[in-house]
Amino acid sequence: MLDLQKAFDLVWHRGLLYKMEQLGLRGNILQFTTDFLANRSIQVRIGTALSNSYQLQNGTPQGSVISPFLFIIMINDDNATNGVQLSNCTTSCTTSLPA
């Protein structure tokens, strides 16, 4: 069994956005994803001590409905689409698989 629990924390934002463009995901969906991943930070509290805030360059938000979809795009490395075509993703997404 493959453990993907921490894998969502490793999704590289700029690489993901690049892959989305290569798959033809542009317009509203690309802008939404850019905004969704932007300006995320982390800060740790131990007792009353609070760490500095750090900007996140990797990872998708835990518990988000869109995070698994973004992760699948990120790990899909077989010649860009492997025969899966995403179309009309500025308003709604449809997929077509090879026969």
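See above for the structure.
If you're wondering where the values come from, they're calculated on a predicted model, not measured in any experiment. (Residues numbered from 1 in each chain as written. Predicted model: local features only at pLDDT ≥ 70, side-chain atom pairs only at ≥ 80, totals over all residues. Heavy atoms only, no water.)

## A word on the overall build of the protein
Rules: Under the scheme used here, helices are H or I runs from DSSP no shorter than 4 residues and strands are E runs no shorter than 2 residues, and both carry numbers assigned from the N terminus. Summary of the burial criterion: residues with accessible area below 20% of their type's maximum are buried, those above 50% are exposed, and those between are partly exposed, where the area comes from a 1.4 Å probe applied to protein chains only. Two residues qualify as a contact provided that any one of their heavy atoms is within 4.5 Å of a heavy atom in the partner residue. Shrake-Rupley sampling with a 1.4 Å probe provides the accessible areas, and residues are treated as covered by the protein chains on show and by no other component.
When its secondary structure is counted, the protein shows three helices and six strands. Secondary structure elements of the protein, listed N to C terminal, follow the sequence α-α-β-β-β-β-α-β-β. Considering the protein as a whole, with its 99 residues, one finds that 27% of them fall into the buried category. In the protein, 54% of the contacts between residues at least 6 apart in sequence involve partners at least 24 apart. Only carbon and sulfur atoms are counted for the fraction: they give 55% of the accessible area of the protein, which is about 7300 Å².

## Structural notes on the packing of aromatic side chains
Two descriptors summarise a pair of aromatic rings, namely the distance from one centre to the other and the angle between the planes of the rings. Note the cut-off: Ring geometry is summarised as follows: Phe, Tyr and Trp rings, the Trp one being its six-membered ring, pair when their centres sit within 6.5 Å, and such pairs are stacked at plane angles under 30 degrees, edge-to-face over 60 and tilted between the two. Lysine and arginine charges are scored as sitting over a ring when NZ or CZ, respectively, is within 6 Å of the ring centre and within 35 degrees of the ring normal.
Per the stated rule, a full pass over the model turns up two aromatic pairs. Ring geometry for Phe-32 versus Phe-36: centroids 5.8 Å apart, planes at 15°, classification stacked. Taken together, the residues Phe-32 and Phe-36, both in helix α2 (residues 28-37) and four residues apart, mark about one turn of the helix. Looking at Arg-40, its charged tip hangs above the ring of Phe-36, at a distance of 5.0 Å from the centre.

## A word on a nonpolar patch on the surface
Operational definition: Patches in this entry comprise residues that are over 30% relatively accessible and not in a salt bridge; like charges within 9 Å are linked, as are nonpolar side chains (Val, Leu, Ile, Met, Phe, Trp, Tyr) within 5 Å. We define a salt bridge as a contact between a side-chain nitrogen of Lys or Arg and a carboxyl oxygen of Asp or Glu at a distance within 4 Å.
A cluster of nonpolar side chains, Ile-42, Val-44, Ile-46, Tyr-54 and Leu-56, forms an exposed patch at the surface whose accessible area comes to about 480 Å². In this structure, Tyr-54 sits in strand β4 (residues 54-55).

## Section: the side chain of Ser-67
Summarising the element assignment, Ser-67 is placed in helix α3 (residues 67-75). Other than its neighbours up to four places away in sequence, Ser-67 contacts Phe-8, Phe-36, Thr-60 and Pro-61.

## Digging into the environment of Phe-8
Tracing the chain through its elements places Phe-8 in the segment before α1 (13-22). Sequence spacing of Phe-8 and Met-74 is 66 residues, and the spatial spacing of their C-alpha atoms is 9.8 Å. Setting aside its immediate chain neighbours within four residues, Phe-8 contacts Gly-59, Thr-60, Ser-67, Pro-68 and Phe-71.

## Considering the packing of α1 against α2
For any two helices packed against each other, the geometry is given by the interaxial angle and the distance between the axes. Definition in use: In this analysis an axis means a line fitted to C-alpha atoms, helices contributing only their contacting stretch, and an angle means the value between N-to-C directions, from 0 to 180 degrees. Each angle receives one of four descriptions, namely roughly parallel if under 35 degrees, roughly antiparallel if over 145, roughly perpendicular if within 65 to 115, and oblique otherwise. Here the nonpolar group is Ala, Val, Leu, Ile, Met, Phe, Trp, Tyr, Cys and Pro; Asp, Glu, Lys and Arg are the charged ones; every other residue, Gly included, is treated as polar.
With their axes 11 Å apart at the nearest point, α1 and α2 run at an angle of 175° to one another. Here α1 lies roughly antiparallel to α2, going by the angle between them. In this structure, α1 uses His-13, Leu-16, Leu-17, Met-20 and Glu-21 to contact α2, whose residues at the interface are Ile-29, Leu-30, Thr-33, Thr-34 and Leu-37. Considering only residue class, the contact of α1 with α2 consists of six nonpolar, three polar and one charged.

## Observations regarding the environment of Asp-77
Residue placement: Asp-77 occurs in the loop between α3 and β5 (85-87). Look at Asp-77 and you get exposed, because its relative accessible area is 57%. For the pair formed by Asp-77 and Lys-19, sequence separation is 58 residues and the distance between their alpha carbons is 9.1 Å.

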